[in-house]
Every structure is written in structure tokens, then in C-alpha cells.
Amino acid sequence: MQRRDFLKASLAASAVALGTSASAGVTGQPIDSRKVSKIAFPEKRPLITYSDRPPLLETPRDSFTKAITPNDEFFVRWHMPEIPTHIDPETYTIKINGLVNQELSISLNELKKDFEQVEVTAVLQCGGNSRSAYKPIAGGIQWGSGAMGCAKWKGVRLSDILNRAGLKKGAHWIGFNGSETAAYYETPNFVREMRIDELDDHVIVAYEMNGEDLPYLNGYPVRLVIPGHYSDSWVKMLSNITVTAEYESLFFMDVAYRVPDNDCECETPDNKFKATKPITTMNVKSVIGYPTNDTVVYHNSHVVVRGVAFDDGHGIKDVVISVDGGKTWKTAILDKDAGRYAFRAFRFAFKPTKYGKVSIMAKAINRLGAEQPFAQDIKWNHGGYKYNGIDVVTMEVV
Amino acid sequence: MMKKIVLIAVLSFTSAFAQVEEPVEVPFIPYEIKMGKGFDAIQANCLMCHSFGYIINQGRQSKDFWNKKVLKMVIHFKAPISKEDVEITTDYLFEHYGNGELK
């Protein structure tokens, strides 16, 4: 055997060995067996419930047949146990301070009257959505596929607010504070920072979600909307915007919501990659809303597979479906386009020809040609972020 | 009739009104916490910042996992937990929510 071949062979052998050992980190389908709770949280219908303090609620899979996620089905993720349970819209203000010419304190009325009102339909997805796909377990909530949703947000451009305050020379960073607080005084508060040049005109301070006030648990009365980005910086109950020259070191910036800073954004549990980077923009993903893993149909049924697909704003080009384990793929029909940051609903009609378990796979491809990998080809990372494996549901044909 | 019109006019001038008039109430979920040695330490050290649900969502894990998780609370979130209680809580979690493996 040539040395090169030998190397290849031993690499392949070790890959096989690694693939079977969870200590190397393996990826499968996220957990999909959790049922909604009997307890309904304020303004929500019963959802999959992980925690009451802080509230952590997941949208069940069958909601993802719709391009807009209704407010009462929208997932909820807070970091801190203490969230205001009453806000007076007449007195609430958002403060803008730091390196600005004029400090501002904007009431909700002013926000709605004194600025141009804009709307954007955008996907809100937790960076750790589908985290339960990673083995060994990655730190954080073990979400299934429902830490995401898409809504029509209405509000005011962040840039318009910043222009009114006027940025001083040397302004590079913006810190955003919400109103949630830790239960213990030394626990770091949830503050996010963004580079000013990362913010474009699509970023808005939103007070309306799908034509209604934001639900409390989604950040009433105002939250930041950063289309195309994971939700870690979509600060809820936004109370303060501070412009600074330099980055301030914060736990929720330096440690949380980061992936390995290498090409595959991957590492192994025993050999973590030192350098990390923020998760920022979303990769291409799709989730099947119907059928679900609970669906049972007669063999002569006409089944219409439905789901949603999205990326970071390049837009979805195609969604393809396989009912033979990924050997052959057929193109699904895409619903109308509600904007590049929105869910693109898709549907695909088929008639099962055999009995028993039938698995359906969906793969989205964006306009850049980026497509979802098979779950098992996704490499592990310690925070369990950015899972976007080809979605699989298995129904039963009787 | 007149009254009704006045009411609507007033409403539309109150530009901001909350969808929810009263304070919302976040329900309490009764998590089943296994009794036994170390339970007191969990109650004293782990439930001030989040619910028990947040903890058991991790599923069954190794002793090393639980130890690191408790230490994460101390190091990153400044949880005031004594060395002794770090051990007691780790043992409790491993006994009731462990997978049998040390590492």
C-alpha cells in the first residue's frame, strides 16, 4: 500500500470509529416527542414547556405549516427569572444615551407618531433551536425544532432613532438592555452589543407583531428585530440603547452564543476549539409541519406535505422532498414570497405506495446555492448552535 | 348612539393601550423533585435563579457533566454555592438524574 493510501485508509477507519462513538460528537434528528403542556402561559395557547422561571416555551411542529406563526403559538425564551409583569404604555420610555449629540427618551406614543413607520416579515430563531440533535449533550435548553417562528413586525428603523440622537465621532458599538433581571445581584444581566456597521436599515424597534401588540412573553412593549440574525440580539422589553466607542466585555457576549472560529464551526467534546466567534446570521433551514411523527394515514390517502423554509435573507430558491431516504428528490411548490427574511411555505403532494413507516425528508436550497446537510453530516459544537440538518418525519401508512 | 361615537373617538386618541390591562401572571409549574439525600442543598442553592425544569431538561447525564454544570453556575453566573454544597448537589443530581457513568 502506498503511504498516501494508507493514510487515507486509516483516516477512513478512524472516521468510522469516531462516527460510532458519542464522545466524538454525533448529530441526529432533534427530539420530537415532547407534547404541549396543560398549562397555558399568558396570551399563549398551551405550548411545549421547559421552565416557568424563566419562561421557556416551544412551538409544536404542526404550527410550521403556516408562513406566519400566530402570536399565541410563538416560542418564548427568556434568560432571567424576573421579568416585568406589568408595563404602563403611557409612561414607558426607551432611552438613548452614550456617544450621542442629544440623549433621547422616547415614549411609545412618540415612537408611533414622530418616526416613519415600517414593517418587515422576519423569522425569529434561537441560535440553539434543535440543540437536542447534538450528542453528547450541548449546554443549554434541549430544544426540538420549535424555537423559531415568523411574524410581521411593525416599528421604527433603529437608524432613524440613532440619526435623531446624532452619533458622535468614534461611536462604534451599541449596547441594548432589556428589562429582565437576574435573581441574584452578581449574575450578569442580559445585555447585547452590536457593531454599528453590522446594523442596516432592516433593523427595527418593533412594537407590533402580526398586527397586535407584542405579547408580554415576546417582549411587550418593544423589542429589537434584526432580520436574518439569530434571536440572541433581538432584545425584548427594550429599555436602553447605549452608544459606545469600545466593546464592553460581557458574559452573554463573550461566552454564550458563540461557535468555533474555524471553517466547519466544529470541534470535538474532548478537544474544544479555543477561538470562537458570535453566531450572527442564520443558515438555510426547513422544517416539515405536516405530516408529523404522530401521523397515521390509510395507504390510499393523498398526502400534502407542508412546511416552511428560510435563511438569512438571501431567499429560498427551492425546497426538495425525498420519500426514499434521500436517494431521489422532487421539487416542492413554493407559496408566495413574503419577503426575503420570511418563512417560505412549501407543499408537496404524494400518495404513499407502501405500508408501514414512511419517512419524508425536506431540504431547502437558498439563492446562493447553499443547501441543508444531512443531520449526520453536521459536526458537533459545544453550544449546540446552528443545527440545520435535513428534516425527517416518519408517518405510518396503514 | 351619540355615546358610542364619543367612546370610539376617545379610544382612537389614546394611542397606546395595552392588550392586557392587568399584570400578567406567569403560572407556576409543579415540577416533581425527587426527595432524598441532597434535596435540601438543591432547594437552597439551585432554585433562586431558575426553575427545577431548567435543570432536569438536560436529561440523564454523567457525574462529570453535573459537576461541570454546577461549577458553571458558580463561575459564570456567580452562584453563591459553597464547595461542600457543590459536591452535595452534584451527588444528588447524579443519583437521581444520572446515566450511571462517571465521565
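Before reading further, recall that the structure is shown in the block above.
Along each chain, the written sequence defines residue order, and numbers are assigned to residues from 1. Each chain gets a letter, beginning with A, and each ligand a number, beginning with 1, in the order they are written. Reporting in this predicted model follows two pLDDT cut-offs: at least 70 for local features of residues, and 80 or more for side-chain atom pairs to be given and counted; totals over whole chains, interfaces and linings ignore these cut-offs and use all residues. Side-chain figures throughout are based on the complete set of non-hydrogen atoms in the structure, without hydrogens or water.

## Describing the overall build of chain A
Here's step 1: Here a helix means four or more residues in a row that DSSP labels H or I, a strand means two or more in a row labelled E, and each is numbered from the N terminus. Each helix and strand counted, chain A has 4 helices and 26 strands in total.
Here's step 2: Across its three principal directions, the C-alpha atoms of chain A cover 70 × 55 × 40 Å.
Here's step 3: Only protein chains enter the accessibility calculation, which uses a 1.4 Å probe. A residue is then buried if its area is under 20% of the maximum for its type, exposed if over 50%, and partly exposed in between. Taking all 398 residues of chain A together, 56% fall into the buried category.
Here's step 4: In this analysis, two residues are considered to be in contact whenever any of their non-hydrogen atoms come within 4.5 Å of each other. In chain A, 71% of the contacts between residues at least 6 apart in sequence involve partners at least 24 apart.
Here's step 5: Only the protein chains shown count as cover for residues, and the accessible areas themselves come from Shrake-Rupley with a 1.4 Å probe. Roughly 16,900 Å² of accessible area belongs to chain A as shown, and the carbon and sulfur atoms make up 51% of that amount.

## Structural notes on the side chain of A:Ser51
Here's step 1: Residue position: A:Ser51 is located in strand S2 (residues 48-51).
Here's step 2: Residue A:Ser51 is classed as buried on the basis of its relative accessible area, which comes to 0%.
Here's step 3: Distance and chemistry together define a polar contact, namely a pair of N or O atoms within 3.5 Å, with one atom able to donate a hydrogen and the other to accept it when in protein, and with adjacent residues in sequence counting only for side-chain atoms on both sides. Within the local environment of A:Ser51, its side chain forms a polar contact with the backbone nitrogen of A:Arg53, the two atoms lying 3.4 Å apart.
Here's step 4: Polar contacts involving the side chain of A:Ser51 include one to the side chain of B:Ser51, which spans 2.7 Å.
Here's step 5: Those residues in contact with A:Ser51, other than ones at most four positions away along the chain, are A:Phe41, A:Leu56, B:Tyr31, B:Ser51 and B:Tyr54.

## Brief notes about the interface of chain B and chain A
Here's step 1: Taken together, the contacts link 33 residues of chain B with 41 residues of chain A.
Here's step 2: For the pairing of chain B and chain A, the buried interface totals around 3,200 Å² over both sides, and the portion due to carbon and sulfur atoms is 60%.
Here's step 3: Salt bridge, as used here: a side-chain nitrogen of Lys or Arg that lies within 4 Å of a carboxyl oxygen of Asp or Glu. Counting across the chain B and chain A interface gives 0 salt bridges.
Here's step 4: The interface formed by chain B and chain A holds 12 residue pairs in polar contact (both at pLDDT 80 or more) in total.
Here's step 5: Counting only elements with at least two residues in the side of chain B that touches chain A, the list comes to helix H3 (52-56) and helix H4 (63-75) of chain B.
Here's step 6: Amino acids are sorted into nonpolar (Ala, Val, Leu, Ile, Met, Phe, Trp, Tyr, Cys and Pro), charged (Asp, Glu, Lys and Arg) and polar (every other residue, Gly among them). Class assignment for the residues of the side of chain B that touches chain A results in 18 nonpolar, 10 polar and 5 charged. Accessible surface is computed with a 1.4 Å probe, and the buried area is the amount of it that two parts give up when combined, taken over both parts together.

## Points about the state of the cysteines
Here's step 1: Only a pair of cysteine sulfur atoms within 2.5 Å counts as a disulfide in this structure description. Enumeration according to the criterion identifies 1 disulfide over all chains in this entry.
Here's step 2: Put simply, A:Cys264 and A:Cys266 are joined by a disulfide, and their sulfur atoms are 1.9 Å apart. Taking the sign of the S-S torsion, about -75° here, the bridge from A:Cys264 to A:Cys266 comes out left-handed.
Here's step 3: Of the residues examined, A:Cys264 reaches a relative accessible area of 44% and is grouped as partly exposed.
Here's step 4: Look at A:Cys266 and you get buried, because its relative accessible area is 13%.
Here's step 5: Unpaired in terms of disulfides, A:Cys126 finds its nearest cysteine sulfur in A:Cys150, a separation of 16 Å.
Here's step 6: This cysteine, B:Cys46, is not joined by any disulfide, and B:Cys49 carries the nearest cysteine sulfur, 9.3 Å off.

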